[in-house]
Amino acid sequence: MLDDHDDIHPLFHGAPKSADFKKLRKRIVRYTREAIEQYGMIEPGAKWLVCLSGGKDSYTLLAVLHELKWRGLLPVELLACNLDQGQPGFPATVLPEFLEKMGVPHRIEYQDTYSVVMDKVPQGRTYCALCSRLRRGNLYRIAREEGCSAVVLGHHRDDILETFFMNLFHGGRLATMPPKLVNEEGDLFLYRPLAHVAEADCEKFARLMNYPIIPCDLCGSQDGLQRQQVKQILDGWEKNAPGRRQVMFRALMNARPSHLLDPKLFDFAGLELGANNFQQIDTDLPKLR
């Protein structure tokens, strides 16, 4: 069964036997498999670089991917990778020891991007943009060196929603983080298999599994971040109307270009009286890769 040591990956050893945890685990696995299949992430025989920060989301990602692989539903090779960015106080031994204990193939890379960020970003400004670019560039390099076709990240449903509203409020565009994209060089995929999974489920799963969580003090030390403001807004909506987050997430999967205002997505100028204009709606929808 699910918790027998003889037939499960070490990442799940010691898993709670409660019905509540089993439901949680099955839900996360189901949603992850759904996203992988829906967005066409599987390339049989491929190798994925699974990025592990030490946070609750990346631990959940690592565990669920290994469960899917163990069940024969993910025919790819998995290589866990942690990028140690030289942040003072970062517990550099936690992840290597954990991955060794779990028998997970991995690579630990040290690159002092922290000093670069602190040097380049003016006081009072947020570090996220530059930090993210430097981290992403190093991960792409590592993926190429390891022969991986995809870089896999632990962004979940709430990350995607927050990014949508940040673009809406501050960027003036309707956009978010897609579950699947190709990098600018065109040689690597970037996947987000947890796209349908709620943050609360990741938090509860990682906590109940007692994974050694490493907090990100670099980002968490800055007050007033746009993402935190958006998160507070979404928390308020969810509190007043439980289930609101999932409704908004479904909206991102149900776009109607003819009912928005972007002439690049729908030929408003070409609308004609008496014509079957609704046929145009389907042909103008952007195709997923």
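Note that residues are indexed from 1 along each chain, following the sequence as it is written. pLDDT decides what is reported in this predicted model: residues at 70 or higher carry local features, side-chain atom pairs at 80 or more are listed and counted, and totals for whole chains, interfaces and linings draw on all residues regardless. Where side-chain values are given, they derive from all heavy atoms of the structure, hydrogens and water being excluded.

A.B. asks: Teacher, can you tell me more about the sheet that holds strand β4 (residues 150-152) here?
C.D. replies: Where strands meet in a sheet, backbone hydrogen bonds hold them as pairs that are either parallel or antiparallel. Ordered by their spatial adjacency, six strands build an open sheet running β3-β2-β1-β4-β6-β5, and the pairing between neighbours is mixed. Every other strand in the sheet has two partners, leaving β3 (106-110) and β5 (180-182) as the edge strands with one partner each. Here the average twist between neighbouring strands, direction ignored, is 25°. Residue contacts are defined here by distance: any two heavy atoms, one from each residue, within 4.5 Å place the two residues in contact. Structural elements are reduced to axes, namely lines fitted to C-alpha atoms, with helices fitted over the stretch in contact, and the angle between N-to-C directions of any two is expressed from 0 to 180 degrees. Helical segments are the DSSP runs of H or I of at least four residues, strand segments are the runs of E of at least two, and each set is numbered from the N terminus. Lying on the sheet, helix α3 (residues 94-102) is in contact with β2 (77-84) and β3; it crosses β3 at an angle near 170°. Strands are labelled as partners when DSSP assigns at least two bridges between them.

A.B. asks: Please explain the packing of aromatic side chains as it appears in this structure.
C.D. replies: Any pair of aromatic rings gets described here by the distance separating the centres and the angle formed by the planes. Each pair of aromatic rings taken from Phe, Tyr and Trp, with Trp reduced to its six-membered ring, is defined by centres within 6.5 Å and is described as stacked if the planes are under 30 degrees apart, edge-to-face if over 60, and tilted in the remaining cases. In total, this model carries 12 aromatic pairs according to the counting rule given. Taken together, a centroid distance of 5.6 Å and an interplanar angle of 80° make the contact between phenylalanine 98 and tyrosine 211 edge-to-face. In this pair, phenylalanine 98 sits in helix α3 while tyrosine 211 sits in the loop between α7 (199-208) and α8 (217-220), placing the two residues 113 residues apart along the sequence. Note on exposure labels: buried denotes an accessible area under 20% of the residue type's maximum, exposed denotes more than 50%, and partly exposed covers the range between, all computed with a 1.4 Å probe on protein chains only. Taking the relative accessible area as the measure of exposure, tyrosine 211 reaches 6% and is therefore buried.

A.B. asks: Explain the nonpolar core to me, please; I cannot follow it from the model alone.
C.D. replies: Among soluble globular proteins, nonpolar side chains are generally buried collectively. Joining through side-chain atoms within 4.5 Å is the link that ties buried Ala, Val, Leu, Ile, Met, Phe, Trp, Tyr and Cys residues into a set, and such a set is a nonpolar core. The biggest cluster of nonpolar side chains holds 44 residues, and the ones touching the most others in it are Trp48, Leu65, Phe205 and Tyr211. Listed by contribution, the elements that provide at least two residues to this core are α1 (19-38), β1 (47-51), α2 (56-70), β2, α3, β4, β6 (189-191) and α7. Among the elements that make up this core, the one with the highest residue count is α2 (seven residues). Other than its neighbours up to four places away in sequence, tryptophan 48 contacts Met41, Leu65, Leu74, Val76, Glu77, Leu78, Leu79, Cys148, Ser149, Ala150, Val152 and Tyr191.

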